[in-house]
Every structure is written in structure tokens, then in C-alpha cells.
Amino acid sequence: MPNMARPGGLAPVAGAGGKTRVVAVTGAAGFLGSHLVGLLEEDERIGRVVALDVKAPQSVGKKTRSYEVDLTLSAAETRIAEILTAERVDAIAHLAFLSSPTHATAWCHELESVGTMHVAVAARQAQVRKLVLWSQTWLYGAHPSNPNFLTEKLPLRAPTAEPYFADKMEAEEQARKLAQRSPGAVVTILRTAPILGPMVNNTFTRYLSRKLVPTMMGFDPLVQFLHEADAIAALHLALLRDAPGTFNIVGDGVLPLSTVIKLAGRVALPIPHPLAETIVGLGWIAQLVDAPPSFLKYLRFLCVADARKAREIMGFRPAYTSREAVLDFVNAERLRANRLLSETAA
Amino acid sequence: MTDRKKRAPRPRRATKAPGRRKTSPPTTSTEAVVASQADPPEAAAPEPAPLEATELAGKPDVPARMRELEERLDRMIDAHARDRGISDGPPPPASRPTPPPSRPAPPPEGMLDTARELLSADFYLRKWGRMGLRNRSQEVDDFGYDPVYERKVLPFFEFLYEKYFRVEAQGLENVPNEGRCLLVANHSGTIPFDGIMLRLAVRREHPRHRDVRWLAEDVIFHFPFLGSFTARVGAVRACQENAERLLGHEALVAVFPEGMKGIGKLFKERYKLQRFGRGGFVKLCLRTRTPVVPVAIVGGEETNPMLARVEYLTQAIGIPYLPVTPTFPALGPVGLMPAPTKWKIVVGAPIDLGEYGAESADDEVLVGKLTERVRSAIQAMLDRAVSERRSVWFG
């Protein structure tokens, strides 16, 4: 491993006269990945960006070198390790995760759980100093016994029978294992709240884009969101600063789900939850609905995370509150409906 | 939004998040994402780039500017919709920065547009959605307390307080005027009204009209309607994290350490305090250096005199037990109506735990002793108030 300028401690940037950093981004063609690459392109503290995905991101610029890597292949590990060593990568942002549940559960497992293992092992081989992993606060699970603000110390209690959650929990486990095995490495896990914003497209934005939004009759949980710009800013910040550990990345403030639906100008369709579970269960099998029935719990119970640790240790302050993120999303939807905004959601 | 359906995730052999459309134009950075909102004409004020924004957060002008931008967008959308009707004409090309031509609509067409708008289902759906917000606050606090909603349901509770239970409050001067404080009370009634009555008593009779947040049992939050309702009117799920957060905000918090055992007391056990949990409230007070104020609530334990608890098979429908009172389940749900007993809320002198340090929260022996001290203080207050009372109905 050639010698590299490696700032120690909590220094936020590479030394003034020293070398700039090399950052690799997996899942670089995805929403978070492509925007993170775009942001890193503009950052003069970053010398080079290595984009890893099955195709090149659209935000590739002068600094970016794009590699085609398929994490679901068993050869991925050696290939990533080769790339990381050749490019002398300092830090990896691992963002190759699905933002919506899929029926291809085996493929999803290969990509998320095994794929993270490949990335973690390759990072160890190439002696990469830092791994930033994208995770979600949904992994805490929605339970009536949750405290109103979940802290990072609490166990992850999402339904493990649901591959969407189980694979992401395994991925976090892989990242923690890497942190244990290579003591010098900085492993940062960022658990984001559901991301909303003008351009993002995920399970929740599709849920809110329906004319009739199904809710669970008699339940009105408090929800929180993260603006897409804040999500990318948090990933950027985690790459620049050394903050090992797990952090909840969430917008300030909470909103009742009913208020969110009303802000969106949609009409709630309350369904008794046992009935909804049957309908959605059948609909999921028939591929008529967007999410499996295990997601319905998030429409009934609390799953809200505490932002304090990220604020105090990582120094992350979101620019948008949960409410502003909703409004920003809603405004973009309205512009699209009026054909004033022709860019489609990513 | 039927076209969004097409964007539903399809598994591809890709390492990226699915659901991204190939046709979406390149947005090179988050700046561009945010700016896309300001793309339409004359919204030229640049949004801050995300990282800058992170550092700027907390400055008061950011929300103000966002509101201003939102208003401008609203006006633009309205003007635009007026200009060219709602849904005609081809979409403008992607990257045209100039405003769409503002040709004045001839008057007859304008009327036609209005008619068309009034006939569209979308218009009514939107109106309906907006109307739903009338009875709700724009923003709720961390725990979902909704002041507008509470004001709406308050007359009912005021009626209970003044006319039905004729609550008499004593010793409210013992509640401090400011700062954190923990009110510890006996729990009562098959359907507990004690939390909301204590809240009303402090708000009405205390010189500073402080707001009490009371901690409610977990089990409430399992049920539809009940959980969201109690949270909106000011209850908070009972757990250490929530209580600590509330006290951290210097709130006045009420707890019922008897918990479910308190609600489930049989009629013959009335005003006999049950075990005070595991002394969690004492640990909380020691850790957060909070004074304890004992409260005795008399009258509540006769509202639904429970003769027996049926615990057989009730787990299947998710409730811990089925209460049997003289009127329930014989009269159906009506039988759960509380009896109009006369209530008295007695607030005792504060018990100061300040002499013990935060580290003594781990000392089980001390915690046990202090718990017993608080418990016996409340029991003594209860005994005195019950013996002074001549009638359950008239006090």
C-alpha cells in the first residue's frame, strides 16, 4: 500500500498542502449515489471519485472514474479490491441498497447482505480507511412499545421475516464486523429517516402520490422525514469528518401521518388493519401493490429516531425540518401536475 | 398519478437503487436538485447548497425564505393555471428557463375553465384534504400533543371536571411555578380519567396554569383510536426515555407508578396503593434531579367499581383482562360510563431527593427506600381524604 496523506483525529479536511482524498461510491448510479458523486465532483478537497455500479452515473464529471461492478457476482470481491488498491481509495460510501421492496428477494439478498460483505472484505484487503454505510431508521421497527425517540443504542426490531429489512440489518452487521476486525478503520453507519424531496422516488413518495392514500383506521402515528438534500449532505459530511459509529440522520420535528396526507392534498382512505393486511398481502403476491404487508406496521406505530447523536458528535444539522421536506415534495408534485417542472422524479 | 406506477421497482441486475428512470435529465449535484424547484420563471432566489445549508441551519431566515418562495410558487401556479386552463397544451420543453407565454385568456374561455375546474374530481379531493386540517394544528410537539385538537374536545372534559365529577383541588400551591417536577399519583378507574383531570386541575387552579403531561400505559397505544386520541390531548407513553426527554424540557410530568395494576384494582382494593413498579420514577428523579410532588386522587376509584377481572382468553383480543362491573358487560359499552362520583385531588408537599446524587440511582436499596417513602406519603394522604369524606357522591 503506497503511502498516503492521512489526516488523523477529527480533522475535517485533508491537510492544506497535502494530498486530496480519493472516495469510492458504490451504487453510484442510484439516486443518492449519483447526487453524492455530483457533490464530490465540486468539492476541491476530493481529488478523485471512483464510481462503482452496473452502469455509469449520469453525474460523471472530470474527476470521476466509473467502473462497472456487479455486487451480486461472486467475483465482485476481488474486482472491487483491485479497483480500490489501484485507485488508492481512502473512503468508500456504500450506497448500493434498494430503496423499495422487491419481489426478487434472492437477488436482493445477494446485493445487500452479501454485497456488503464483498465491499467490507475488499475494503479490508485494500486497507481503505473509512466505510460509510447507508441504512434506514425503519430498521428499528414500528412498535407500540417504542419510546417516542429511538436512540442508536436500542436494538433493531424490524420484522426479520421481511427480506427488505433483514438484508439491511445483515449489511449493518457486516459493517460492524469490519469495524471490529480492522481497528484503524472508521466505519460510519447513517440511518436515514424516510427520504422526501422534489426529486427522490421511493416507497414513501409513491405512497403519498396516490389520490387515495390508505391509512390504518384509528391509527395516526407520528412520522419524521429527511430531505433528500440533507441525506446527501450527511453522506458528504460523513466522508469528510471522522465519526465512527451509528448515527440517526433525521429531519427535525415530527408530524402525524394524517397531517402529512392532508399537506399533500390527498385523501386518506382508512382501512381496518386486519383487513388491510389481507388485502395488501394478496396484492403483494399479485404484484398489484408497492410494498408487502409488513410495511403496514409503519402506518400504525411509532418509528421515530433521535437526531441528537448526529448533531453532537458528527455535527450534522439538517437544513429542512420534516415538515419542510414534506412541503418541498408536495410543491414539486404540484409543479409536475401543472407541467411547470418537467423533470421526473428519480 | 397513474404514470408513476410504471416506475415501480423492477429487479434489475444492478447495484443501484431501482426505480430510477433512465430519461431523467442529469442533475449533477444536490444543488441542481434543490434548484430544480426554482427552475420555473422568476423564482431566481438561489437555494443554499446542502452543505452550506447544513452549516446555516438554525438561522431564522431560512424558514422565512422558504415560506416566501413557497408563496411565490403558489402564486405562479395559480397564474399559470389561469393563463392556459388546467390541462391543455403540450408540456413545455425540459430546459426552457423563460416563462411560458402569458397570453391573456379570452373571457368566455376563462369561464369555461372555471366550470371545468369545478367539475373535476381532483378539485374537490384537494378541497376536502385542506378542510381536514381545520380541526388540527399545523404543528405538533415531539409527543404529538395537538393544541387545536385539544381545544376542540376540551368542552367535554370541562363538563366532566365541573359538572360531572365536580373536582375539588387542594394544595396546588405545592406545584412549583416553573422548572421540572414529577407529580406522582394513585391510579384509578377502569377507564382512567385521572390523567386528564389532573391536567385540568393544574391548568385551571394553579397560579401559573401550567400544562401537565401525563405518562400513560403502553397498552393504550396498541389500540386503534385510543392511542392517537390520548397522544393528541397530551398523554405520553410511559417509558424512561420519554420521561427524561420531557423533564429535560423542564416540563411538569405526572406519573401513575401503579400502572396497569392500579387500573385493574378490584373494588375491595380501592385506595390501597399497589406496588410502585420497580421504582423507575425514583431512579428518574435521582438521575435528572427532579423534585417529587405526591398527589392523591379520591373519587376516581369508585367510577367503575370492578367486581372481577376475567383474564381467560382475553389475550386473544389483545387486552390484558376483561373488567366486570355492576354495569359492564351487562349493559354493553354504555356500561363503561363512569359513575358521577365526587372527586378530590390533594397535592402534598414536595419530597426533595436533591440530597442524593445522580449516581445513587443505581443503588437498589436506596431506590427501594425512597419509593416506599413516596408511596407511604401518598397512602397517608389518601387515607386522610377518604376518612374525611362523608359520601362517595357528594364528598
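Above this text sits the structure in question.
Calculation notes
- Residues numbered from 1 in each chain as written.
- Chains lettered and ligands numbered in written order.
- Predicted model: local features only at pLDDT ≥ 70, side-chain atom pairs only at ≥ 80, totals over all residues.
- Heavy atoms only, no water.
- Helix = DSSP H or I, 4+ residues; strand = E, 2+ residues; numbered from the N terminus.
- Buried < 20%, exposed > 50% of the residue type's maximum accessible area, 1.4 Å probe, protein only.
- Areas by Shrake-Rupley, 256 points an atom, 1.4 Å probe, with all protein chains shown as cover.
- Patch = residues over 30% accessible without salt bridge, like charges linked within 9 Å, V, L, I, M, F, W, Y side chains within 5 Å.
- Salt bridge = Lys/Arg side-chain N within 4 Å of Asp/Glu carboxyl O.
- Lys, Arg positive; Asp, Glu negative; His and termini not counted.
- Charge placed at Lys NZ, Arg CZ, Asp CG, Glu CD.
- Pairing = 2+ DSSP bridges.
- Axes fitted to C-alpha atoms, helices over the stretch in contact; angles between N-to-C directions.
- Contact = heavy atoms within 4.5 Å.
- Right-handed = clockwise from strand over helix to strand, strands pointing away.
- Polar contact = N/O pair within 3.5 Å; in protein donor to acceptor, adjacent residues only side chain to side chain.
- Left-handed = near helix turned anticlockwise from the far one by under 90°.
- Nonpolar A, V, L, I, M, F, W, Y, C, P; charged D, E, K, R; others polar.
- Expected span 1.5 Å × (residues − 1).
- Arc of directions from axis to C-beta.
- Phe/Tyr/Trp six-rings, centres within 6.5 Å; stacked < 30°, edge-to-face > 60°.
- Lys NZ or Arg CZ within 6 Å of the ring centre and 35° of its normal.

Things to note about the overall build of chain B
Line of reasoning, step 1. In terms of regular secondary structure, chain B is built from 13 helices and nine strands.
Line of reasoning, step 2. Per-residue burial for chain B yields a buried fraction of 47% across its 395 residues.
Line of reasoning, step 3. Put simply, chain B shows about 20300 Å² of open surface, and 59% of that area lies on carbon and sulfur atoms.

Examining a nonpolar patch on the surface
Line of reasoning, step 1. Among the surface-exposed residues, Val310, Tyr312 and Leu313 of chain B lie close enough to one another that they form a single nonpolar patch of about 350 Å² accessible area.
Line of reasoning, step 2. Mapped onto the fold, Tyr312 of chain B is located in the loop between β7 (308–310) and β8 (322–324).

Points about a negative patch on the surface
Residues and elements named next belong to chain B.
Line of reasoning, step 1. Negative charge collects at one region of the surface, where Glu359, Asp362, Asp363 and Glu364 lie side by side.
Line of reasoning, step 2. Structurally, the position occupied by Asp363 is in the loop between β9 (344–347) and α13 (364–388).
Line of reasoning, step 3. Asp363 gets classed as partly exposed once you look at its relative accessible area, which sits at 36%.

Focus on the sheet that holds strand β1 (residues 21–26) of chain A
All names here are of chain A.
Line of reasoning, step 1. Across the sheet, seven strands lie side by side as β3-β2-β1-β4-β5-β6-β11; this open sheet has parallel pairing. Here the strands that pair on one side only, and so sit at the sheet edges, are β3 (64–68) and β11 (245–249). Within this sheet the neighbouring strands show an average axis-to-axis angle of 20°, counted without direction.
Line of reasoning, step 2. Where strand β2 (residues 46–53) and β3 come together, five bridges link them in parallel fashion. From the neighbouring strand, Leu52 faces β3, where its bridge partner is Tyr67.

Some details on the pattern of salt bridges
Line of reasoning, step 1. Considering all chains together, one arrives at 40 salt bridges over all chains under this definition.
Line of reasoning, step 2. With its nearest N and O atoms 2.9 Å apart, the salt bridge here joins Arg136 of chain B to Asp146 of chain B. Of this pair, Arg136 of chain B sits in the loop between α6 (121–131) and α7 (147–164) while Asp146 of chain B sits in the loop between α6 and α7, placing them ten residues apart in sequence.
Line of reasoning, step 3. Arg136 of chain B sits in the buried class, given a relative accessible area of 9%.
Line of reasoning, step 4. Residue Glu311 of chain B is joined to Arg309 of chain B by a salt bridge in which the shortest nitrogen-to-oxygen separation is 3.5 Å.
Line of reasoning, step 5. On the basis of relative accessible area, Arg309 of chain B is assigned to the partly exposed category, the value being 35%.
Line of reasoning, step 6. It is possible to trace a salt-bridge network through shared partners that takes in Glu172, Glu173, Arg176 and Arg191 of chain A.

Comments concerning the environment of Leu208 of chain A
Residue and element names in this part refer to chain A.
Line of reasoning, step 1. Within the fold, Leu208 resides in helix α5 (residues 203–208).
Line of reasoning, step 2. Considered as a pair, Leu208 and Val260 are 52 residues apart in the sequence and their alpha carbons are 8.5 Å apart.
Line of reasoning, step 3. Residues within four places of Leu208 in sequence aside, it is in contact with Leu196, Val260, Ile261, Arg266 and Phe329.

Side note on the sheet that holds strand β5 (residues 252–255) of chain B
All names here are of chain B.
Line of reasoning, step 1. Pairing within the open sheet is mixed, and its seven strands lie in the order β1-β9-β6-β2-β5-β3-β4. The sheet is open, and its two edges are formed by β1 (168–170) and β4 (235–237), each paired on a single side. Strand after strand, the sheet turns through a mean of 25° between neighbouring axes, direction not considered.
Line of reasoning, step 2. Strand direction decides the pairing type here: strand β3 (residues 212–216) and β4, joined by three bridges, are parallel. By the bridge assignment for β4, Trp214 is matched with Ala235.
Line of reasoning, step 3. Together, β2 (181–185), β5 and β6 (292–298) form the strand contacts of helix α12 (residues 280–288), whose direction differs from that of β2 by roughly 165°.
Line of reasoning, step 4. Contacting β2, β6 and β9, α13 runs over the sheet at an angle of about 30° to β6.

Description of the pairing of β1 of chain A
The side chains of a regular strand alternate between both faces of the sheet.
All names here are of chain A.
Line of reasoning, step 1. In terms of burial, β1 is a largely internal element, six of the six residues being buried.
Line of reasoning, step 2. The alternating pattern of β1 places Arg21, Val23 and Val25 and Val22, Ala24 and Thr26 on opposite faces, both of which are buried.
Line of reasoning, step 3. Running through helix α1 (residues 31–42), the crossover from β1 to the neighbouring parallel element β2 is right-handed.
Line of reasoning, step 4. Alignment of β1 against strand β4 (residues 91–94), held across four bridges, turns out to be parallel. Within the sheet, the bridge partner assigned to Val23 lies in β4 and is Ala91.

As for the pairing of β9 of chain B
All names here are of chain B.
Line of reasoning, step 1. Neither face of β9 is left uncovered, since the one carrying Lys344 and Val346 and the one carrying Ile345 and Val347 both have all their residues buried.
Line of reasoning, step 2. Inspection of the sheet shows β1 paired to β9 by three bridges, in the parallel sense. Counterpart to Glu168 in the pairing with β9 is Lys344.

Some thoughts on a positive patch on the surface
Line of reasoning, step 1. Judged by side-chain charge, Lys153, Arg308, Arg311 and Arg317 of chain A come together as a positively charged surface patch.
Line of reasoning, step 2. Secondary-structure assignment places Arg308 of chain A in helix α9 (residues 308–314).

Some words on the side chain of Thr290 of chain B
All names here are of chain B.
Line of reasoning, step 1. Turning to its location among the elements, Thr290 is positioned in the loop between α12 and β6.
Line of reasoning, step 2. A polar contact of 2.6 Å, which involves the side chain of Thr290, links it to the side chain of Thr288.
Line of reasoning, step 3. Residues within four places of Thr290 in sequence aside, it is in contact with Arg180, Cys181, Leu182, Leu247 and Cys285.

Considering the packing of helix α10 (residues 240–248) of chain B against α12 of chain B
In a pair of packed helices, the angle between the axes and the distance between the axes together describe the arrangement.
Residues and elements named next belong to chain B.
Line of reasoning, step 1. The geometry of α10 relative to α12 is characterised by a closest axis approach of 11 Å and an angle of 40° between their N-to-C directions. In this structure, α10 meets α12 at a crossing whose hand is right-handed. In contact with Gln240, Ala243, Glu244 and Leu247 of α10, α12 contributes Gly280, Leu284, Arg287 and Thr288.
Line of reasoning, step 2. Here the contact of α10 with α12 is composed, by residue class, of three nonpolar, three polar and two charged.

Overview of helix α2 (residues 76–87) of chain A
Residues and elements named next belong to chain A.
Line of reasoning, step 1. Taking 1.5 Å as the rise per residue, α2 with twelve residues should run 16 Å; its terminal C-alpha atoms sit 16 Å apart, in good agreement.
Line of reasoning, step 2. Along α2, the positions that sit buried rather than exposed are Ala76, Ile80, Ala81, Ile83, Leu84 and Glu87. Mapping the buried residues of α2 onto a view down its axis gives an arc of 165°, with all of them on the same face. Away from its buried face, by an angle of more than 90 degrees, α2 presents the exposed residues Glu82 and Ala86.
Line of reasoning, step 3. Packed against the buried residues of α2 are β1, β2, β3, β4 and α3 (105–125).
Line of reasoning, step 4. Backbone geometry just downstream of α2 places Arg88 in the positive-phi region, at approximately 55°.

Let's talk about the packing of aromatic side chains
Line of reasoning, step 1. Counted under the stated rule, the structure contains 20 aromatic pairs over all chains.
Line of reasoning, step 2. Seen in terms of ring centroids, Trp138 of chain A and Tyr298 of chain A are 5.0 Å apart; in terms of plane orientation they differ by 40°. Their pairing is tilted. With Trp138 of chain A in the loop between β5 (130–136) and α4 (163–181) and Tyr298 of chain A in the loop between α8 (273–285) and α9, the pair connects residues that are 160 residues apart, well separated along the chain.
Line of reasoning, step 3. Given a relative accessible area of 6%, Tyr298 of chain A falls into the buried group.
Line of reasoning, step 4. Through successive ring pairs, a cluster of aromatic residues spans Trp138, Tyr164, Phe165, Phe295 and Tyr298 of chain A.
Line of reasoning, step 5. Positioned above the aromatic ring of Tyr149 of chain B, the side-chain terminus of Arg232 of chain B is 4.8 Å from the ring centre.

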